[in-house]
Amino acid sequence: MSHRYFPHTAADIEAMLQRCGVEDMNGLYADIPESLLLKGGYELPEEMSETEVRDFFRSLADKNMVLKCFAGAGFYDHYSPAVVPYIMSRSEFLTAYTPYQPEISQGTLQYIFEYQSMMVSLTGMDVSNASMYDGTTATAEAMLMAVAASRKRRRVLVSATLNPAVRRVVDTYARYHGVEIDEIAQIGGITDIDDLKAKLMQGDVAGVIVATPNFYGVVEDYSGWADLCHEHKALFIINCVPADLSVLKTPGEWGADIACGDAQSLGMPLNYGGPYLGFLCSRKELIRKMPGRIVGATTDADGRRTFVLTLQAREQHIRRDKATSNICSNQGLMALHTAVYLSIMGAEGLREAAMAGYNGAHYLADKLTATGKCSLKYPEAPFFNEFAVTMPGVDIDAFMRRCVDRGILPGVRIASDEMLIAVTEIPSRRDMDILAGILAGM
């Protein structure tokens with residue numbers, strides 16, 4: 001096959017094949033079973049003009065159904081000011097990557113520094129990194145931090161109310177790092193403190209992972225939990241939804257050692273699974289156990305403010321053989337997105353958006369339960385902007401189809417007769433009334 005855009009001449013290719021010790025291109029794939037090799041040409045359309053290409057992709061986009069979203073389970077449909085994607089699309093930002101030469105990457109270092117500063121303020125912790133892929137891996141890294149900090153302890157306790165998707169990634173990391181995961185039971189949608197105490201008494205616990213709000217949208221009371229963990233020499237880790245921290249008590253106020261999760265709730269659009277941004281903040285005593293990079297501010301020889309790559313002790317290109325985590329990309333573009341969003345929204349804007357979600361969720365919960373077709377799964381537990389309902393006797397598949405036909409994504413199914421429903425500042429009261437009306441007609 002001719003590759004018109006490859007720069008290599010026939011002589012170049014021949015020289016490379018000789019160096020590889022094979023006679024032709026097919027020899028490079030000799031280890032691949034014949035049944036897996038492509039026999040024909042690529043199924044690609046004929047070339048198109050620019051206008052035809054635009055029309056083609058526009059026709060594909062038109063097939064997407066844009067629904068009013070009441071689905072959550074860790075990822076939420078939040079408003080993002082129009083200026084955010086505009087700034088993000090500037091070429092100097094869109095192409096920014098890892099600052100391997102930090103002394104000439106002042107712009108990149110500055111927005112990472114600003115991102116870190118804002119996340120520290122939001123979580124109430126001492127330090128933040130800027131190098132996590134998503135919230136699930138950030139939580140797994142927090143688990144590894146706890147194990148690394150304890151040196152000899154290999155057991156981590158995880159609340160049963162943690163998001164199952166996060167739990168699965170934590171389990172995978174634990175399996176291949178020799179870490180034992182033990183689950184703390186839940187009662188009524190709230191982590192059982194008595195079970196926690198019993199498991200801590202067994203010893204060998206490096207860390208305890210809980211969530212706020214938890215998977216069911218419940219806001220748990222963690223008063224005294226940090227002291228309890230520290231009495232048994234375990235780190236207290238809170239997985240949290242950062243947008244909600246503008247109203248809720250922060251991990252720092254709970255006395256947590258590590259705060260982690262996904263920053264998607266800070267204005268990142270839902271886009272078929274990403275990209276997202278895992279955040280990881282901690283007490284300053286744990287800074288050398290953190291994966292990724294820490295950017296700091298200082299002054300140069302002329303007294304001007306400047307930014308430096310302060311710490312990168314666990315990167316692939318430094319002490320790789322001693323690293324407990326190898327993270328290369330610092331998700332720079334998403335960190336920039338978060339920094340721009342937070343700077344534009346401000347503390348008051350974040351609170352207004354969060355309270356709109358809170359008020360909307362409680363309004364919708366009342367409307368849905370008033371139909372008599374569902375009830376709150378945990379009626380005694382306080383919830384923020386997300387809640388679980390039990391729908392006995394309702395054909396949930398049929399209910400979801402009717403909702404989609406009316407332009408609504410009603411929530412996430414979490415059991416045969418249960419749904420998880422979230423409300424942000426986006427849906428209107430009219431949208432909620434339509435959703436409740438659909439349920440009433442089932």
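Above: the structure in question.
Residues numbered from 1 in each chain as written. Predicted model: local features only at pLDDT ≥ 70, side-chain atom pairs only at ≥ 80, totals over all residues. Heavy atoms only, no water.

Below, the discussion takes up the sheet that holds strand 17 (residues 418-422). With antiparallel pairing, the four strands of this open sheet are ordered in space as 13-14-17-16. At either margin of the open sheet sits one strand with a lone partner, and together these are strand 13 (375-376) and strand 16 (412-415). Pairing of strand 16 with strand 17 involves three bridges; the strand directions are antiparallel. Counterpart to Val412 in the pairing with strand 17 is Leu420. In this fold helix 12 (residues 396-405) packs onto strand 16 and strand 17, with an angle of close to 30° to the strand it touches most, strand 17. (Pairing = 2+ DSSP bridges. Helix = DSSP H or I, 4+ residues; strand = E, 2+ residues; numbered from the N terminus. Contact = heavy atoms within 4.5 Å. Axes fitted to C-alpha atoms, helices over the stretch in contact; angles between N-to-C directions.)

Right, let's get into the nonpolar core. Counting residues in hydrophobic clusters, the biggest one holds 51 residues, and the most contacted among them are Tyr115, Leu196, Leu200, Val208, Phe236 and Leu266. Of the residues forming this core, the biggest block, ten residues, is contributed by helix 11 (residues 332-370). (Core = buried A, V, L, I, M, F, W, Y, C linked by side-chain atoms within 4.5 Å. Buried < 20%, exposed > 50% of the residue type's maximum accessible area, 1.4 Å probe, protein only.)

What follows covers a nonpolar patch on the surface. Residues Ile13, Met16, Met25, Leu28, Tyr29, Ile32 and Leu36 make up a contiguous nonpolar surface patch of roughly 650 Å² in combined accessible area. You can see Ile32 is positioned in the loop between helix 1 (10-20) and helix 2 (50-61). (Patch = residues over 30% accessible without salt bridge, like charges linked within 9 Å, V, L, I, M, F, W, Y side chains within 5 Å. Areas by Shrake-Rupley, 256 points an atom, 1.4 Å probe, with all protein chains shown as cover. Salt bridge = Lys/Arg side-chain N within 4 Å of Asp/Glu carboxyl O.)

For the rest of this paragraph, the subject is the packing of aromatic side chains. Here the structure, examined in full by the defined rule, presents twelve aromatic pairs. On the basis of an interplanar angle of 50° and a centroid distance of 5.3 Å, the ring pair of Phe113 and Phe307 is categorised as tilted. Of this pair, Phe113 sits in helix 5 (residues 106-123) while Phe307 sits in strand 12 (residues 305-311); the two residues are 194 residues apart in sequence, bridging distant segments of the chain. Under the relative-accessibility criterion, Phe307 is labelled buried at 6%. Ring centres of Trp225 and Phe236 lie 6.4 Å apart, and the angle between their planes is 35°; this geometry places the pair in the tilted category. Linking Trp225 in helix 9 (residues 225-231) with Phe236 in strand 8 (residues 235-240), this pair joins segments that are eleven residues apart in sequence. (Phe/Tyr/Trp six-rings, centres within 6.5 Å; stacked < 30°, edge-to-face > 60°.)

Our focus in this paragraph is the pairing of strand 8. On any regular strand, side chains alternate: one points to one face of the sheet, the next to the other face. The element strand 8 is extensively covered by neighbouring structure, given that six of its six residues are classed as buried. Burial along strand 8 is two-sided: the residues Leu235, Ile237 and Asn239 and Phe236, Ile238 and Cys240 are all buried. For the crossover from strand 7 (residues 205-212) across helix 9 to strand 8, the handedness is right-handed. Pairing of strand 8 with strand 9 (residues 258-262), which is carried by three bridges, proceeds in the parallel orientation. Paired with Asn239 across the strands is Cys260, a residue of strand 9. (Right-handed = clockwise from strand over helix to strand, strands pointing away.)

Shape is all these values report; function is a separate question.
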